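What follows is the residue order along each chain.
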Amino acid sequence: MDHGKPPAAGLSSVVVLSAVLACAAAVLQPHDLLYDHAVRAFYNSDYEETVRAMEGALRSHSQLRSTKVRCRLRCQDQHPFDGTFSDLRFFDVVLRRSACLDKCMEDKVGAQSLHKVSEDVVQDFTRRIPYNFLQLAYQKLKQPEKAAAAAHTYFQANPEHVEMGQNLEQYKDLEGVREQHFVDREVRPHQRSFMDAVRLYDKEDYEGAISLFEEALVEYFKADVACRALCQGPQKFEDHDHLSYRYSLLEVVSVDRLEDALQSALTYLLFHDGEEFMTENVDFYREVLGQDGEPREDAARYLRRHKQELELLLIGSQIMGADFTEANYWSSTGGRNDLNRIPSSTDGWMEYVPISGKKIAAPQQLKEGGPLVFEGVQLVQNSGDLNGTQRVLLDHIISEQDCAELRSLAQAVTMAGDGYKGRTSPHTPNEKFEGATVLKTLQYGYEGRVPMKSARLFYNVSERARRIIESYFMLNSTLHFSYTHLVCRTAITGQQDHRNDLSHPIHADNCLLDPDAHECWKEPPAYTYRDYSALLYLNGDFDGGEFIFTEIDAKTVTASVKPKCGRMVGFSSGGENPHGVKAVTSGQRCAVALWFTLDPLFRELERLQADEVIQALDTQSVLSQSFSINPRDEL
């Protein structure tokens, strides 16, 4: 993976960490400082220290989460909303809960106002990036069983990561590595109970399975409470996997317990009204028992709350004039459809390839060859020349002067990760990965930290690229920005010998590439809403770093592009265009990376904010009267 530049902690990592360790034992060590120290140790090849600090960071992160849940639930109990509800009473309760939470957290982990965790670290822990570092460190320390567990844990949240899947397949064959070493270290209690229940069911131990299914339901509702306590509202359960009710709750294992079987079947129908198979079972149980039953109250209560929340969303969308369409929350097999969920937690041997049996996106009507919009832009190669479909290579998109100005801008504003809310690149530890968004550069321009002219150039160049892609591929609807950043990859000195990895592994931009099955599954966690992609290069004075297209096997290279200033490669984002980047072995490779969508619901929020900033800057009266950006605030 490529975490990029180690997270900045202000002071020297060692000094800060030493100060942290000197604190009283009752104060929790900040996990981001431990994480920063571990990353620096990794880049210094101190793998024992990497393991010590990274394991400490994971423990601290887990303890912080547990503490937040306990404190928020305690404060909710101490300051409930009563029947005399009013605006004044509402805000009184909110403020009292806030003060209670601050006090509780300060008692447990220290003064909250003195330390804030950055968004990039939050995203790294959400994506389980620390386990990638641990996998590599344990590998260097010749502890393959621990490396396998770390890799397995990372893969559960990143099943699209082909190289990690290949690593795990190799771990299977190593001496001393056994099936029990492949565990998900982040598994939640409800996931564990459910998977254990499934195993007992498969062994026909139905009584044991019933007990564990019951336990899984109890733990699931606890997880629901904890998640709501953490986020204070309806959630998508991003770090939980929803129970997959493919075993029809308890109905299939309620042998000789027909009343329980009827109750379970009726509960299942709450979520899947009218399903034929289960309806027939209900009729059978009623006939045998000579009586009817009721669904489980905890499940009924859960569904009632969901419907009430849905009504609030519909009312809010009507008042605010926003489009809202109710999603199909539960699939036909019972698993709740959640666009941000991670795969089911699984321990033991598994096939480490993107999950099969997924939906395949329907092909769209393909066109190309439209006008290039701007004078001087040159068509170098079309789809046929690049041995594929919906591909184009163009030169002279921008001038040498523009390239130089954007590279200078990158040196001033880029940050570890890709610069978009701290999302980091888990590609390779042999290169630094730094970037910044359009909005971030405009903020720097407003603050006087970079020339505003350069920040606006980034904005204008990205719009130029969008218009060219939209026109060349002859799209009938507007192409919207989905994700935009200025990014540089730098080869790390001393880590280039014997490299056999890629700067960016072979992948597709809107589906999960499954090379073994020769398929690309268009479903989360892939960015399924992306339709077109483009890379505008700013330089070519580095070694390696060629952009490559491959067949869907992720091995057979069909075209290779050598970056240079003003060159842009554009292509549709689906499985028809697997691509990657060869290792950058020396120097720095900079580009403007763009992803586009035809769905306005998935327009890039930061781009919309940037549009407003530009509009304000273009109108002096608006600038003087309405442009109220506080330089101390994030835009």
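Residues numbered from 1 in each chain as written. Predicted model: local features only at pLDDT ≥ 70, side-chain atom pairs only at ≥ 80, totals over all residues. Heavy atoms only, no water.

Time to look at the pairing of strand S13 (residues 568–572). Within S13, five of the five residues are buried, leaving the element largely enclosed by the surrounding structure. Of the two faces of S13, the one lined by Met568, Gly570 and Ser572 and the one lined by Val569 and Phe571 are each fully buried. Sheet topology note: the strand S2 (residues 391–395)/S13 ladder contains four bridges and is antiparallel. By the bridge assignment, Val392 is partnered in S13 with Gly570. Pairing between strand S9 (residues 532–537) and S13: five bridges, direction antiparallel. Opposite Ser533, over in S13, you have Phe571 as the bridge partner. (Buried < 20%, exposed > 50% of the residue type's maximum accessible area, 1.4 Å probe, protein only. Helix = DSSP H or I, 4+ residues; strand = E, 2+ residues; numbered from the N terminus. Pairing = 2+ DSSP bridges.)

The residue Val373 is not glycine, and still its phi comes out positive at about 70°. By the secondary structure assignment, Val373 is in the loop between helix H13 (297–320) and strand S1 (378–381). Owing to a relative accessible area of 39%, Val373 belongs among the partly exposed residues under this scheme. Located in the positive-phi region is His396, a residue other than glycine, with phi close to 60°. As for its position among the elements, His396 is in the loop between S2 and helix H14 (400–413).

For the chain, the average pLDDT comes to 78, and 78% of its residues sit at 70 or higher. This stretch, residues 331–344, has a pLDDT under 50; its non-local contacts, to residues over four places away or in other chains, come to 48 contacts. Below pLDDT 50 for its whole length, residues 419–424 participates in 23 contacts with residues either more than four positions away or in separate chains. (pLDDT = per-residue confidence, 0-100. Contact = heavy atoms within 4.5 Å.)

Counted according to the given criterion, the structure contains 17 aromatic pairs. On the basis of an interplanar angle of 55° and a centroid distance of 5.6 Å, the ring pair of Phe194 and Phe213 is categorised as tilted. Of the two residues, Phe194 sits in helix H9 (residues 189–202) while Phe213 sits in helix H10 (residues 206–231), which places them 19 residues apart along the sequence. Phe213 carries the same exposure label as Phe194, and that label is buried. Three or more aromatic residues joined by ring pairs make a cluster, and in this case those are Tyr35, Phe42, Tyr47, Phe125 and Phe133. (Phe/Tyr/Trp six-rings, centres within 6.5 Å; stacked < 30°, edge-to-face > 60°.)

Okay, the environment of Ala53 next. Structurally, Ala53 can be placed in helix H3 (residues 47–78). Between the C-alpha atoms of Ala53 and His37, which are 16 residues apart in sequence, the distance is 6.7 Å.

The four strands are arranged S6-S14-S11-S12 in an open sheet whose pairing can be described as antiparallel. Sheet topology places strand S6 (504–507) and strand S12 (557–561) at the edges, where each strand pairs with a single neighbour. In this sheet, neighbouring strand axes are inclined to one another by 20° on average, regardless of whether the strands run parallel or antiparallel. One ladder, built from three bridges, connects strand S11 (residues 547–550) with strand S14 (residues 579–581); its direction is antiparallel. Within S14, the residue paired with Ile548 across the bridge is Gly580. (Axes fitted to C-alpha atoms, helices over the stretch in contact; angles between N-to-C directions.)

A few words now on the pairing of S2. Of all five residues that make up S2, five are buried, and the element is covered over most of its length. Both faces of S2 are covered, namely the face carrying Arg391, Leu393 and Asp395 and the face carrying Val392 and Leu394.

All right, on to helix H11 (residues 258–271) then. Compared with the 20 Å implied by 1.5 Å per residue over 14 residues, the 20 Å span of H11 between its first and last C-alpha is a close match. Residues of H11 that are buried include every one of Ala261, Leu262, Ser264, Ala265, Leu266, Thr267, Tyr268, Leu269 and Phe271, and no others. (Expected span 1.5 Å × (residues − 1).)

Here the focus is the state of the cysteines. Here is the idea: a disulfide is a covalent bond, and it sits between the sulfur atoms of two cysteines. In total, this model carries five disulfides according to the counting rule given. Disulfide pairing is shown between Cys71 and Cys104; the S-S distance is 2.0 Å. Torsion about the S-S bond of the Cys71 and Cys104 cystine: about -70°, corresponding to left-handed handedness. Within this pair, whereas Cys71 is found in helix H3, its partner Cys104 is found in helix H4 (residues 87–109), the two being separated by 33 residues in sequence. In terms of burial, Cys71 and Cys104 fall into one category: buried. With its sulfur 2.0 Å from that of its partner, Cys511 forms a disulfide with Cys520. A torsion of 95° about the S-S bond marks the disulfide between Cys511 and Cys520 as right-handed. The residues Cys511 and Cys520 share a single accessibility class, namely buried. (Disulfide = S-S within 2.5 Å.)

In a regular helix each residue adds 1.5 Å, so 13 residues correspond to 18 Å; helix H2 (residues 31–43) covers 18 Å between its end C-alpha atoms and thus fits that length. Of all the residues in H2, the buried ones are His31, Asp32, Leu33, Leu34, Tyr35, Asp36, His37, Ala38, Val39, Ala41, Phe42 and Tyr43. Among the residues trailing H2, Ser45 stands out with phi positive, at a value near 65°.

Across all of its chains, the model carries 24 salt bridges by this definition. One salt bridge connects Arg567 with Asp395, and the closest N-O pair in it is separated by 2.8 Å. In this pair, Arg567 sits in the loop between S12 and S13 while Asp395 sits in strand S2, placing the two residues 172 residues apart along the sequence. What makes Arg567 buried here is its relative accessible area of 13%. The class of Asp395 is buried, set by a relative accessible area of 6%. Between Arg607 and Asp611 there is a salt bridge, with its nearest N and O atoms 3.9 Å apart. Taken together, the residues Arg607 and Asp611, both in helix H17 (residues 605–618) and four residues apart, mark about one turn of the helix. (Salt bridge = Lys/Arg side-chain N within 4 Å of Asp/Glu carboxyl O.)

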